[in-house]
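# Chain and residue survey
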Amino acid sequence: MNNNILSISNVTVKFGGLVALNNFHINVRQGGISGVIGPNGAGKTTVFNIITGVYRPNSGSVKVNDKELIGIPTHVIAHHKVARTFQNIRLFANMSVCENIMSGACIKREGTFLSSLFMLPNSYKKEKELWKKANKLLEFCGLEKYKDSPAISLPYGMQRKLEIARSLMTDPSLLLLDEPAAGMNPTEKLALQELVKRISEQKISVLLIEHDMRFVMNLCENITVLNYGSVIAEGPPEIIQTNHEVIEAYLGSDIEDDFNIKETLNASR
Amino acid sequence: MMDFLNYSQLPFIMFSILAIQAMSLQLILGGTGLLSLGHAAFYTVGGYTSAMFTVFIAPLIGIHDTTLLLICACLIGMTGAAFTGLLVAIPCLKLRGDYLAMATLGVGEIVATVFKNLDFVGGTRGFKDIPKLGSPLLIFSIMLVVCFFIIRFYKTNLGYAVRATRDDEISARSLGINIYKTKLISFLIGSSLAGLAGVFYAHTLQFISPDEAGFYNSVVLVLAVVIGGMYSVMGSIFGAFIIVIIPEILRFIPQLINPYLIFMSEKGFLLPSLIPVIDSILSNRTLIFSVLVVIIMLLNPKGVASLFERINKMRKTNE
Ligand SMILES: Nc1ncnc2c1ncn2[C@@H]1O[C@H](COP(=O)(O)OP(=O)(O)O)[C@@H](O)[C@H]1O
Ligand SMILES: [Mg+2]
């Protein structure tokens, strides 16, 4: 028995001839915040996709709470208290903000179909509790103001937060955030940073993918760096910041985030 | 007055039945996002199975009480339709969007062909002399019950699962929703409700023809749902209302317009030889009807339901 909520070992994923992940491994401590960074196309999203069962790896093992997840369909993995958000926001476009969040409670309400159809007291009570929880989450993520608006009418940053709120509604113990700060301005990023911290305080372990180095360095206790599907470095932020290979991997690409890492490096000197 | 009642009774019944059908399709099309182009098939199967029961089986087992007979007919019609729905759904629901539409397109024709070749239910001539059961008021109440049922359905866990599946399958899965099961349940409920509409159709008109399962009826149903607004159950009722009422209104239009045409041709604005042409265009109800539908869709692609939403919004901002 160890205190890792997630441990992935020896995972290899191939798409045809392309090796998206090569002998990948990562451990996420119970209650901790860890990060995966790397240039575009490095295989970060693929990591999330194998944890949630969207793809089946060619080899390796994915364990959440010491339970092997490989081969289990995506919708069952949610029952193992794993929740995620998506890099390209995937909200329920024709539902209101509230309804989006309530959709996260589907597993909580399983088996109550008939009783909630006829509004029987026990399911009525349960639904009321869930609505209370949804309202709390609205407040928690700063979305009260948008409560009844259609989900897609929200500003971009708010849509990302709504996706987080929706995934929190499933009561996860492991939350996977795929580039949660992408497209946000610095103020929004700071607010999001606080939000992630507060989520982690609720005994929810977080694994996040992010390009913004300051965001990652501030939040994560452990960082795994991917390049072309292979782990090129791992460890606490201080070590990653000074790792030569990491800097090279980032300088080799021409994404705007290069500036972020230089800035962080300068700041740390 | 009695005249009007007599005249309006049939459209009223047809409206209620069409509304039940449209709502049952709304669940599948607007609620779950599955484009089924064979929905009329389930309704026909519902009508035929219940009629077969009341004509052939009920006298054998000695059910004579009409209430009991109607309840049994409804249950059997719904089961028959749901069973057909299951047969269609199991292979077809694995298909995506357009392919599902293509696959369901064939279902109506298959059902029509099957009933055309069953001689004991009248073959191509249709099933005649079905006992009369139910009243217009009963059908209308059933329509209200179905409407209420679907509205409540959307508030249950399954309702949320269905809508989540419609909007984003990948997200829905990641939230723990079994999308195949969800689609299957929605398809089953939708087809059994269509079967219910079929039962009332067969037992009020006392006749059902295999052609009911054809493509045209399925398209009319899709229209009813789309006119009213895909995502609204009430909208489907409104769509059904439009579809039944517009042809009835159009019936009078040539008579109303004819005097003006004659007046205009007397003044020399119009060639007298054009009058019969215009007359025949105006009395072609299907044509006028189709044009109207196109106009409605162009003006308001989200259907009539979005108008209500807009009015609500205006009210809110005024407050
Ligand atoms: N379903 C797929 N089929 C084929 N190739 C894929 C698929 N998903 C991802 N890839 C490839 O795998 C590599 C890693 O992708 P991804 O994990 O999305 O990268 P990122 O680190 O930017 O999130 C990319 O080269 C991508 O093109
Ligand atoms: Mg990615």
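Residues numbered from 1 in each chain as written. Chains lettered and ligands numbered in written order. Predicted model: local features only at pLDDT ≥ 70, side-chain atom pairs only at ≥ 80, totals over all residues. Heavy atoms only, no water.

Under the convention used in this document: UniProt positions are given in the numbering used here, feature names are shortened, and annotations may be inferred rather than shown by experiment.
As recorded in an unreviewed UniProt entry, chain B goes by the name Branched-chain amino acid ABC transporter permease, listed as coming from Fluviispira multicolorata. Turning to chain B, the UniProt record has this under Subcellular location (unreviewed entry): "Cell membrane".

Chain A appears in an unreviewed UniProt entry as ATP-binding cassette domain-containing protein from Fluviispira multicolorata.

## A few points about the pairing of strand β8 (residues 205-209) of chain A
Residue and element names in this part refer to chain A. Short version of the rule: Only protein chains enter the accessibility calculation, which uses a 1.4 Å probe; a residue is then buried when its area is under 20% of its type maximum, exposed when over 50%, and partly exposed in between. Put simply, DSSP marks the helices as runs of H or I at least four residues long and the strands as runs of E at least two long, and each gets a number from the N terminus on. Strands are labelled as partners when DSSP assigns at least two bridges between them. Handedness of a crossover is defined as follows: orient the strands so they point away from the viewer, and if the path from the first strand over the helix to the second runs clockwise, the crossover is right-handed.
A large share of β8 lies buried, amounting to five of its five residues. Burial of β8 is two-sided: the residues S205, L207 and I209 facing one way and the residues V206 and L208 facing the other way are all buried. Looking at chain direction, strand β3 (residues 33-37) and β8 are connected through four bridges and run parallel. The residue of β8 that forms the bridge with I33 is V206. Of the crossover connections in this fold, the one passing from strand β7 (residues 174-178) over helix α7 (residues 186-201) to the parallel β8 is right-handed.

## Overview of the interface of chain A and chain B
Stated precisely, the cut-off is as follows: Throughout, a residue-residue contact means that at least one pair of heavy atoms, one from each residue, lies within 4.5 Å. Here the quantity called buried area is the accessible surface, traced with a 1.4 Å probe, that two parts lose on coming together, added over both. When a carboxyl oxygen of Asp or Glu is within 4 Å of a side-chain nitrogen of Lys or Arg, the pair counts as a salt bridge. Pairing of N or O atoms within 3.5 Å defines a polar contact, subject to two protein rules: one partner must be a possible hydrogen donor and the other a possible acceptor, and residues neighboring in sequence count only if both atoms are side-chain atoms. As a working rule, the residues Ala, Val, Leu, Ile, Met, Phe, Trp, Tyr, Cys and Pro are called nonpolar, Asp, Glu, Lys and Arg charged, and the rest polar, with Gly in that last group.
Each partner contributes to the interface: chain A provides 32 residues, whereas chain B provides 24 residues. The junction of chain A with chain B conceals about 2,500 Å² of combined surface from both sides, 61% of it contributed by carbon and sulfur atoms. Viewed at the interface, chain B and chain A are joined by two salt bridges. Note that E99 of chain A and R163 of chain B form a salt bridge whose closest N and O atoms lie 2.4 Å from each other. The interface formed by chain A and chain B contains eleven residue pairs in polar contact (both at pLDDT 80 or more). Sorting the residues of the side of chain A that touches chain B by element identifies α2 (74-77), β6 (82-84), α3 (97-103), α4 (113-117), α5 (121-140) and α6 (156-168) of chain A as the ones contributing at least two each. Split by residue class, the side of chain A that touches chain B holds 14 nonpolar, eleven polar and seven charged.

## Observations regarding the site of ligand 1
Residues and elements named next belong to chain A. Cut-off, in case you're wondering: Throughout this document, a residue counts as near a molecule or strand when at least one of its heavy atoms sits within 4 Å of that molecule or strand. Method for areas: the Shrake-Rupley scheme with a 1.4 Å probe, in which residue coverage is limited to the protein chains shown.
As a matter of local geometry, ligand 1 sits amid 13 residues, with G41, K44, T45, T46 and Y55 nearest to it. K44 is positioned with one of its backbone polar atoms (N or O) 2.8 Å from an oxygen atom of ligand 1. Summarising the interface, the protein chains cover 63% of the accessible area of ligand 1, which totals 560 Å² for the free molecule. If one sorts the elements of the shell around ligand 1 by residue count, helix α1 (residues 44-51) sits on top with three residues. Its residues placed into classes, the shell around ligand 1 shows six nonpolar, six polar and one charged.

## Some points on the coordination of the magnesium ion (ligand 2)
Residue and element names in this part refer to chain A. Our working definition: Here the term donor refers to an N, O or S atom within 2.8 Å of the metal (or 3.2 Å for Na, K and Ca), and because water is left out of the atoms, sites may appear incomplete.
For the magnesium ion (ligand 2), the full set of protein donor atoms is T45 (OG1) and Q87 (OE1), at a range of 1.9 to 2.1 Å. Of this pair, T45 sits in helix α1 while Q87 sits in the loop between β6 and α3, and the two are 42 residues apart along the sequence. Accessibility expressed as a relative area gives 23% for T45, which makes it partly exposed.

## A closer look at a nonpolar patch on the surface
Applied cut-off: Patch criteria: residues need more than 30% relative accessible area and no salt bridge. Like-charged residues are merged within 9 Å; nonpolar side chains of Val, Leu, Ile, Met, Phe, Trp and Tyr are merged within 5 Å.
On the surface, L271, L274, V277, I281, L287, V291 and I295 of chain B cluster together to form a nonpolar patch covering roughly 570 Å² of accessible area. Of all the elements in the fold, those that place two or more residues in the nonpolar patch are α12 (274-283) and α13 (285-299) of chain B.

## Some thoughts on the environment of I223 of chain A
All names here are of chain A. Note on placement: I223 falls in strand β9 (residues 222-227). Residues I223 and E234 lie eleven residues apart in sequence; the distance between their C-alpha atoms is 5.5 Å. When near neighbours in sequence (up to four residues on either side) are disregarded, I223 contacts G35, I37, V216, M217, A233, E234, G235, P237 and I240.

## Digging into the UniProt feature "transmembrane region" (unreviewed entry) in chain B
Residue and element names in this part refer to chain B. Residues annotated by UniProt as "transmembrane region" (unreviewed entry) correspond here to residues 12-29, 41-62, 68-90, 135-154, 184-203, 215-245, 257-275 and 287-308. Its end C-alpha atoms 33 Å apart, residues 68-90 is made of 100% helix and 0% strand. This span, residues 135-154, is 90% helix and 0% strand, and a straight line between its end C-alpha atoms measures 29 Å.

## A look at the pattern of salt bridges
Residue and element names in this part refer to chain A. Counted by the stated rule, this structure contains eleven salt bridges over all chains. Salt-bridge contacts for K108 lead to D171; the nearest nitrogen and oxygen are separated by 3.8 Å. With K108 in the loop between α3 and α4 and D171 in the loop between α6 and β7, the pair connects residues that are 63 residues apart, well separated along the chain. On the accessibility criterion, D171 (33% relative accessible area) is partly exposed.

## Focus: the confidence of the model for chain B
Put simply, the test is: Known as pLDDT, the predictor's per-residue confidence is scaled from 0 to 100.
When pLDDT is averaged along chain B, the result is 86, and 89% of the positions lie at 70 or above. What the predictor reports for the complex is a pTM of 0.87 with an ipTM of 0.87.

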